[in-house]
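Tertiary structure, described
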Amino acid sequence: MRTAGSVFEALREKIVDDIADGGTASFDFSWPELTEFNWASDWFDSAARGDQAPAVVWSGNDGVSQQISFEELRACSDRVAGWLVRQGVGRGTRILISLCEVAALWEIQLAALKLGAIVVPAPPMAAGAELMNVLAFSGATVVITDPDSAQDVRPASTWTGITVGGQVPGWSLYEESYSHAVRYRPRAIHQSRAPFLLECSGGSEEGSRLRGWLHSHYACAVGRLTDLYFTRLRPGQRYVTAAPPGSMEHLCFGFLGPLTAGATTVVMGQKENRTSVDVAARAHKEGAHSAYVSMAQLTDPDTATSVRQTPLSEVELLSSLTVESLARTDPGPCAPVVNGEVPATRGWPAKRAWPTTPGNVRWGMRHHQTSTGLMVRSSGEAGDADIRTTALPGHRVSVLSPTTGAPAEAGELWLGLSGWSDGSTPTTSLYGDAHRLPGVGALRTGLQGRRMPDGSVRLTADG
């Protein structure tokens, strides 16, 4: 009987092979039924054991380049997990992490996965009030941050504070974990439906509320396979990321996804210039063929123009949006299209729902409930482009009736993700924990649209 780790590895190898064959995944691909699986302890540990290749490369506050190997990540995360147990961390413990690029950031995230704890990422150097807001909202009982941020927070008996890079009275010092003798040994297989991450957003503007999405261990496992499919990274390659620290993209596209690919991730520091041109130039210098940038860096008119003029066309820029960001209700770069028109009220800029990006950019969408990328669109396509496009290995985006879940040809629509066994027949082997349509082999993305007379689809806000 194959273990869950071997099932995951077989699927990973299949996607890597598909990428090597041209980047088009086979339609006979079926997603795994991993009911008991922990990405870190059931797969990563064995894959990383003895591998001295650099896993992550970054620049410290002093500008000196640092790196940690796959083997060092494995060993250090074991030691850190054992130390965190002594700090009261266990299965289900919520850990708020607010750190810049330091080795501890990646060690703690892996250790939390192994323990079954729940990571709550927050932007680095967050003000004390912001940390306390996220702490109260998330229900975290452990806070890990830098000494400067910790100075603004008064310790309380309801949570444990840990600082990285300096001692603060009333807080534990993370560096003590490196001398901890007892390493973590898995005690039980973790249920894959258990949460591993709480993603928080909002709350940055006065009067706005924080919102949260829990992601399961299963979503982590399948999400890393979709990261692999999206980035098209292969073992031994180098890859540059400028994803915003504290974001889901930073965790997935700047760490767990490249680790799944066996690639070396070069992380752009906060003190480095992080425009799209700078990121592409850094990727070229590092010998990387791709780099991740935020959509904000691509929708800025000045940045977009600069990228179009860059001579580094051999560097492919990757980016992503969440499904929810296309149906947002506050002013932003992606305005919803209602009945084929962009509303002129509510402060929306006159832009189509799909952002138009430079020619060397490939981008996709991510669903909050699954943490997985839903589809990849070619660069430069706008809101009236044909929606028929490959989504994930073995899946395509389809247009469904909101009432029956059956394919729809006209009128109001849902955009759904369907499984295809031979390119034409939908199957029911879907992944994730999101909105399934009863009796239909499809996953509702949460976006509505209207099919136009020419067969294209225009999006509307989710009602």
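In the block above lies the structure referred to throughout.
Quick look at the structure, then. Note that the structure is predicted; figures quoted are calculated from it, not measured.

1. With respect to the packing of aromatic side chains
Each aromatic ring pair is specified by the distance between its two centres and by the angle formed by the two planes. This model, assessed by the stated rule, comprises 11 aromatic pairs. Between Trp 106 and Phe 255, the aromatic rings sit 6.4 Å apart at their centres with planes inclined by 50 degrees, giving tilted as the arrangement. Remark: Phe 255 occurs in helix α8 (residues 248–261) and Trp 106 occurs in helix α4 (residues 103–115); sequence separation between them is 149 residues. Residue classification places Trp 106 among the buried residues on the basis of a relative accessible area of 0%. Ring geometry for Phe 253 versus Tyr 292: centroids 4.8 Å apart, planes at 15 degrees, classification stacked. Here Phe 253, found in helix α8, pairs with Tyr 292, found in strand β12 (residues 290–292); they are 39 residues apart in sequence, far enough to count as distant. When its relative accessible area of 7% is taken as the criterion, Phe 253 is described as buried.

2. Quick look at the nonpolar core
Counting 70 residues, the largest nonpolar core has Trp 39, Phe 44, Leu 73 and Phe 255 as the members making the most contacts within it. Among the elements that make up this core, the one with the highest residue count is α4 (10 residues). When neighbours within four sequence positions are excluded, Leu 73 is seen to be in contact with Phe 44, Ala 55, Ile 68, Trp 106, Glu 107, Leu 110, Phe 255 and Leu 259. In terms of nonpolar packing, the next biggest core, distinct from the first, is built from 19 residues, Ala 242, Ala 280, Ala 283 and Val 361 among them.

3. Points about the pattern of salt bridges
Taken as a whole and assessed by the stated rule, the structure comprises nine salt bridges. Residue Glu 9 pairs with Arg 12 through a salt bridge whose shortest N-O separation is 3.0 Å. Remark: Arg 12 and Glu 9 occur in helix α1 (residues 4–20); sequence separation between them is three residues, near one turn of the helix. Overall, Arg 12 belongs to the buried group, its relative accessible area being 11%. Salt bridges linked by common partners bring Asp 45, Glu 71, Arg 74, Asp 78 and Lys 114 together as one network.

4. A short note on the environment of Gly 254
Turning to its location among the elements, Gly 254 is positioned in helix α8. When the C-alpha positions of Gly 254 and Trp 106 are compared, they lie 10.0 Å apart, and in sequence the two are 148 residues distant. With sequence-adjacent residues up to four places away left out, Gly 254 is seen in contact with Trp 106, Thr 241, Glu 249, Thr 265 and Val 267.

Rules and cut-offs
Residues numbered from 1 in each chain as written. Predicted model: local features only at pLDDT ≥ 70, side-chain atom pairs only at ≥ 80, totals over all residues. Heavy atoms only, no water. Phe/Tyr/Trp six-rings, centres within 6.5 Å; stacked < 30°, edge-to-face > 60°. Helix = DSSP H or I, 4+ residues; strand = E, 2+ residues; numbered from the N terminus. Buried < 20%, exposed > 50% of the residue type's maximum accessible area, 1.4 Å probe, protein only. Core = buried A, V, L, I, M, F, W, Y, C linked by side-chain atoms within 4.5 Å. Contact = heavy atoms within 4.5 Å. Salt bridge = Lys/Arg side-chain N within 4 Å of Asp/Glu carboxyl O.

Read these as spatial facts, not as claims about activity.
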